[in-house]
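Chain by chain, the residues run as shown.
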Amino acid sequence: MPLSTVLRVRLPGTIAIAAVCALMALSVDASAKAARPVEETAPRDAGEPIMAIVSIKSQQVTFYDADGWIVKAPVSTGTKGRETPAGVFAILQKNADHRSNLYDDAHMPHMQRLTWNGIALHGGPLPGYAASHGCVRMPYGFAEKLFDMTRIGMRVIVSPYDATPEAFSHPALPVPNAEAVSAAPERADQLALEAAEAAKAADVSKKAAAKAAREASSSKAALRKSEGVKSAADGALARAEKTLAAAKTDQAKASAEEQKLKAATKAAEAAAKLEAAQADATAKIDAAASAQEAAKDAATRKPETAKAATEAKLALEPVSIYISRATQKLYVRRNTRKPWPDGGEVFDATIEAPVTIRDPDLPIGTHVFTAMASDGAGLRWSAVSIDAGDDAKNALDRISIPSEVLDRIAPTALPRSSIIVSDEPLSKETNYRTEFVAVLSNQPQGGFKTRKPTPPPVVKPWEGGGFFSFFGPPPPPPDAKRGRTRQVQSKWAW
């Protein structure tokens, strides 16, 4: 059969097959698009976001307020080899117009930083699959809308699979004292005033002690001079008496008598001045000692009142507790609300204590318990579990939190307070400018591989601030030039 005849015979079938294939492709594409997450908004008035949960499996982020989810959107997390690390984070810094200094000046609009070494939420292109260098890309408009709704410290949970907060209660969770919560603002103001007065008193007493010490030193010098004058006068009198005793003639005796009288007068004057100098030196030495003691007491009171004022101010902030099965320790953090010149805010980490975990060799999982809102005299809690191990209730059942820690923080526990229980130690990403950062060690962490570690802190940035017993005090701000972002980005590698 000629080729033209074959084509005439088979062409309609070929067209039909092609048409069917095209329809199938369109159907598959339509199904794929339908299966992809889309932006959703809860059909109610939204409150302020309390947490966000990113599902790496579903490539979706969901934001929650006190009453449940409020918005959802598709995301693009880290690609293979640069995976977004799964774990527990919090927003550390916000910048509406950030540009990467690691990835060819890439625009990262409405950036909300999760670590100082390069993981963040931000607006970006969404191809429908994991494609970033480790960050969590969100739709541009969605990222812009959420940017003004969130606050520094908001919890962001990156889960390997889909996870949602569930209502939860347990006797180990902090129960606030209504009177303590009500009195906390006034107490913070009063202790701040006392701390300011103590600092002023310490300064005044230090200056007074220095002045008293100078006066005591001067009076000692005057005393030594008076002693020298008195000694010289006594010597002159002794010589005059000796001359008088040796005089043979009336004229010599009269002259010696006159010299003796003058020497006696000077000796008496020197004695009187010495006595006055001794009294003055004694008084000023005693005054200097008293001033020194007062300065010492004031210097001791200054840090004590500053610490009390700091703790009272921290009591106005939600408290975060991290319990690690790996280290068998409990850590407490609160935001000091003190900005750091190189970006972000400093977190207080003064409380650290050993904790008892039953069956410490058995996995406990990673669970985030969050106080979503006040509930009468107590708090309404939720639980999110993102790693294999015990369930949330059993995890808390296995832990004995020291009563002295609970007594210190529970009375003023506020909404947004949280307890994180994990098999993991605190990540190295945790430092003086972060909330707790916990990374699941059984999940890929490729998004960290090109980042330089945060330099360890070395000196205290200000007087009277929080203490940094867990990681040491933070370093002074570098003298690096401002980057292209609205906030200083200096050395941090993105």
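Quick caveat, the model's predicted, so the values are computed rather than measured.

Q: Explanation requested: the overall build of the protein in the structure shown.
A: Within the protein, the regular secondary structure consists of six helices and 20 strands. Residue burial in the protein is summarised as follows: out of 494 residues, 46% are buried. Contacts spanning at least 24 positions in sequence make up 71% of the contacts within the protein whose residues lie at least 6 apart. About 25,100 Å² of surface is accessible on the protein, with carbon and sulfur atoms providing 56% of the total.

Q: Any chance you could explain the sheet that holds strand S14 (residues 345–354) here in plain terms?
A: Working definition: the strands of a sheet are paired by backbone hydrogen bonds and lie parallel or antiparallel to each other. One open sheet holds the seven strands; their spatial order is S11-S17-S16-S19-S12-S13-S14, and the pairing between them is mixed. The sheet terminates laterally at strand S11 (166–168) and S14, the two strands that pair on one side only. The sheet shows a mean angle of 25° between the axes of neighbouring strands, taken without regard to direction. Note: strand S12 (residues 320–324) against strand S13 (residues 329–339), five bridges, orientation antiparallel. If you follow Ser320 over to S13, its bridge partner there is Arg333.

Q: Honestly, the sheet that holds strand S1 (residues 40–41) in this entry has me stumped. Any pointers?
A: Strand order in the open sheet formed by seven strands is S1-S4-S3-S2-S10-S5-S20, with mixed pairing between adjacent strands. With one partner strand each, in any of the chains shown, S1 and strand S20 (438–439) form the two edges of the open sheet. Taken together, the four bridges between strand S5 (residues 87–90) and strand S10 (residues 155–159) define a ladder with antiparallel strand orientation. Following the sheet pairing, Val88 is matched in S10 by Ile157. Lying over the sheet, helix H2 (residues 140–147) contacts S1, strand S3 (60–65) and strand S4 (68–74), oriented at roughly 145° with respect to S4.

Q: Before we go on, may I ask you to explain the pattern of salt bridges in this structure?
A: One side chain can pair with another of opposite charge once the charged atoms of both are near each other. Inspection of every chain in the model, using the stated rule, returns 16 salt bridges. Notably, a salt bridge pairs Glu311 with Arg408, separated by 2.5 Å at the nearest N-O pair. Separated by 97 residues along the polypeptide, Glu311 in helix H4 (residues 250–314) and Arg408 in helix H6 (residues 403–409) bring together distant segments of the chain. Residue class for Arg408 comes out partly exposed when judged on its relative accessible area of 40%.

Q: Could you clarify how one ought to interpret the nonpolar core in this entry?
A: Across soluble globular proteins, nonpolar side chains have a tendency to be buried as a group. Judged by nonpolar contacts, the single largest core of 27 residues is most densely connected at Ile321, Ile323, Leu330, Val332, Phe369, Ile399 and Val421. For this core, the elements supplying multiple residues, two or more each, are S12, S13, S14, strand S16 (366–375), strand S17 (378–387), helix H5 (392–397), H6 and strand S19 (418–422). Contact partners of Ile399, with chain neighbours within four places excluded, come to Ile323, Val355, Thr356, Ile357, Ile364 and Val421. In this structure, Ile91, Ala143, Val156 and Val439 belong to the second largest nonpolar core, which totals 25 residues.

Q: What should I look at first to understand the environment of Thr430 in this one?
A: Take Thr430: it is sitting in the loop between S19 and S20. C-alpha separation for the pair Thr430 and Trp116, spaced 314 residues apart in sequence, amounts to 9.0 Å.

Q: Help me out: how do you make sense of the pairing of S17 in this one?
A: For a regular strand, side chains alternate in direction, first toward one face of the sheet and then toward the other. Of all the ten residues making up S17, eight are buried; the element is thus mostly covered by neighbouring parts of the structure. Across three bridges, S11 lies against S17 in antiparallel orientation. From the neighbouring strand, Glu166 faces S17, where its bridge partner is Ala383. Bridge count for S16 against S17 is nine bridges, and the pairing is antiparallel. Considered in S17, the bridge of His367 is made with Ser385.

Q: I keep staring at H2 and nothing clicks. Help me out?
A: Along an α-helix, residues three or four apart share an orientation, since each turn contains 3.6 residues. Every buried residue belonging to H2 is among Phe142, Ala143, Leu146 and Phe147, and all of these are buried. Each buried residue of H2 lies within a common arc of 135° when the element is viewed along its axis, so the set occupies one face.

Q: It is not clear to me how the packing of aromatic side chains should be interpreted in this structure. Could you clarify?
A: How two aromatic rings sit relative to each other is given by the distance of their centres and the angle of their planes. The full count for this structure, using the stated rule, is five aromatic pairs. Where Tyr322 meets Phe436, the ring centres are 5.5 Å apart and the plane angle is 40°; that geometry is what we call tilted. Here Phe436 lies in the loop between S19 and S20 and Tyr322 lies in strand S12, a separation of 114 residues in the sequence. Taken together, the aromatic side chains of Tyr322, Tyr331 and Phe436 make up a single cluster linked through ring pairs. Looking at Lys94, its charged tip hangs above the ring of Phe147, at a distance of 4.9 Å from the centre.

Q: Before we go on, may I ask you to explain unusual backbone geometry in this structure?
A: The general pattern is negative phi for most residues beyond glycine and trans for most peptide bonds. At His110, a residue that is not glycine, the phi angle is positive and equals roughly 50°. For Arg337, which is not a glycine, the phi torsion comes out positive at approximately 65°. On the secondary structure map, Arg337 appears in strand S13.

Q: Explain the confidence of the model for the protein here, please?
A: The predicted coordinates of low-pLDDT regions are not to be read in fine detail. Summarising the model, the protein shows a mean pLDDT of 84, and 81% of its residues fall at 70 or more. pLDDT under 50 marks residues 1–34. Its contacts with residues more than four places away, or in other chains, come to one contact. With pLDDT under 50 throughout, residues 458–494 is counted as low confidence; its partners more than four residues away or in other chains account for 113 contacts.

Q: How should the packing of helix H3 (residues 178–246) against H4 be read in this particular structure?
A: At a closest axis distance of 4 Å, the pairing of H3 and H4 adopts a crossing angle of 165°. Accordingly, the angle class assigned to the pair H3 and H4 is roughly antiparallel. You can see that H3 and H4 cross each other, and the crossing is left-handed. In the contact of H3 with H4, the residues fall into 42 nonpolar, eight polar and 19 charged.

Q: What's the story with the environment of Leu396 in this structure? I'm lost.
A: With respect to the helices and strands, the residue Leu396 is situated in helix H5. According to the relative accessible area criterion, Leu396 is buried, its value standing at 2%. As a C-alpha pair, Leu396 and Ile357 span 39 residues in sequence and 9.1 Å in three-dimensional space. Look past the residues within four positions of Leu396 in its chain and what remains in contact with it is Phe168, His170, Leu173, Phe369 and Val421.

Calculation rules
Residues numbered from 1 in each chain as written. Predicted model: local features only at pLDDT ≥ 70, side-chain atom pairs only at ≥ 80, totals over all residues. Heavy atoms only, no water. Helix = DSSP H or I, 4+ residues; strand = E, 2+ residues; numbered from the N terminus. Buried < 20%, exposed > 50% of the residue type's maximum accessible area, 1.4 Å probe, protein only. Contact = heavy atoms within 4.5 Å. Areas by Shrake-Rupley, 256 points an atom, 1.4 Å probe, with all protein chains shown as cover. Pairing = 2+ DSSP bridges. Axes fitted to C-alpha atoms, helices over the stretch in contact; angles between N-to-C directions. Salt bridge = Lys/Arg side-chain N within 4 Å of Asp/Glu carboxyl O. Core = buried A, V, L, I, M, F, W, Y, C linked by side-chain atoms within 4.5 Å. Arc of directions from axis to C-beta. Phe/Tyr/Trp six-rings, centres within 6.5 Å; stacked < 30°, edge-to-face > 60°. Lys NZ or Arg CZ within 6 Å of the ring centre and 35° of its normal. pLDDT = per-residue confidence, 0-100. Parallel < 35°, antiparallel > 145°, perpendicular 65-115°, else oblique. Left-handed = near helix turned anticlockwise from the far one by under 90°. Nonpolar A, V, L, I, M, F, W, Y, C, P; charged D, E, K, R; others polar.

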